[in-house]
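Observations on the model geometry
Listed here are the chains, written in short residue letters.
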Amino acid sequence: MDMSYEEYGKLVKKASKGTKMYKTIPSAFLVGGIICTIGEVFRLWFVNMGMEKDHVGMWVSTILIFITAVLTGFGIFHKIAKFGGAGTFVPITGFANSVVSPALEFKVEGFVLGVSSKMFIIAGPVIVYGTIASIAAGIVFYIITLCGGTI
C-alpha cells in the first residue's frame, strides 16, 4: 500500500494526541522543583551535620538514586512521571529510573539473562561514553600539566 506524504501526515495527526501545554508545563515544573528541593533538603541536612562539603554531593546523589530505584520498583515513580512528564528527567532520577526499569521488566528471564543484562540497556552507553570522556579529559589535563600549563 503506497501512501503519499499528505495522507501519512493526516494519519499521524489523527493518531497523535495533542499536548495540553497549559497543564504539562506547570506539572513538569512542579515535579522537577520538588525533586530538586528534596535534594537540597538532604544537602543542607548533611552540611548541618558537619559532613565535608566534598562528600555531600556524593551522598545526596546516592540517596536520590536509591529513592528513585525503590519508587520505580514499587511502580510509584511511573505514576509520578506520568503526572510530571519532563520534570522527572532531572538527570540523577531519570538515570536511576532508566537503569531500574528495564531490569525489572526482564526479571522473569532470570538474574543473569534478565536483570543483570537488561539493566544497562539504556544506561550502558551513558556509562561507556562518560568513562571514555573522563579518560580523554584526564589525558588532556595530563598533557597540559606536562607542558607547564594550568587549567
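Just above sits the structure.
Focus on the pattern of salt bridges
Where charged atoms from two side chains of opposite charge come close, those side chains can pair. Tallied over the entire structure, the rule returns one salt bridge. Note that Arg43 is salt-bridged to Glu40, the shortest N-O span being 2.8 Å. Taken together, the residues Arg43 and Glu40, both in helix α2 (residues 21-48) and three residues apart, mark about one turn of the helix.

A closer look at the packing of aromatic side chains
Enumeration over the complete set of coordinates arrives at two aromatic pairs. A centroid spacing of 5.2 Å and a plane angle of 35° characterise the contact between Trp45 and Phe46, whose relative ring orientation is tilted. Among the residues examined, Trp45 registers a relative accessible area of 48% and is labelled partly exposed. Residue classification places Phe46 among the buried residues on the basis of a relative accessible area of 6%. Pairwise contacts between aromatic rings join Phe42, Trp45 and Phe46 into one cluster.

Section: the nonpolar core
Phe46, Val56, Val60, Ile63 and Leu64 form the largest nonpolar core, which has five residues in total. The greatest single-element share of this core, amounting to four residues, is contributed by helix α3 (residues 53-73). For Val56, the contacting residues outside a window of four places in its chain are Arg43, Phe46, Val47 and Met51.

Structural notes on α2
The first and last C-alpha atoms of α2 sit 40 Å apart over 28 residues, in line with the 40 Å expected at 1.5 Å per residue. Residues of α2 that are buried sit in contact with α3, α4 (76-84) and α5 (91-105). Positioned one or two residues after α2, Gly50 has a phi angle of 95°, which is positive.

Calculation rules
- Residues numbered from 1 in each chain as written.
- Predicted model: local features only at pLDDT ≥ 70, side-chain atom pairs only at ≥ 80, totals over all residues.
- Heavy atoms only, no water.
- Salt bridge = Lys/Arg side-chain N within 4 Å of Asp/Glu carboxyl O.
- Helix = DSSP H or I, 4+ residues; strand = E, 2+ residues; numbered from the N terminus.
- Phe/Tyr/Trp six-rings, centres within 6.5 Å; stacked < 30°, edge-to-face > 60°.
- Buried < 20%, exposed > 50% of the residue type's maximum accessible area, 1.4 Å probe, protein only.
- Core = buried A, V, L, I, M, F, W, Y, C linked by side-chain atoms within 4.5 Å.
- Contact = heavy atoms within 4.5 Å.
- Expected span 1.5 Å × (residues − 1).

Treat this as a map of the structure, not an account of what it does.
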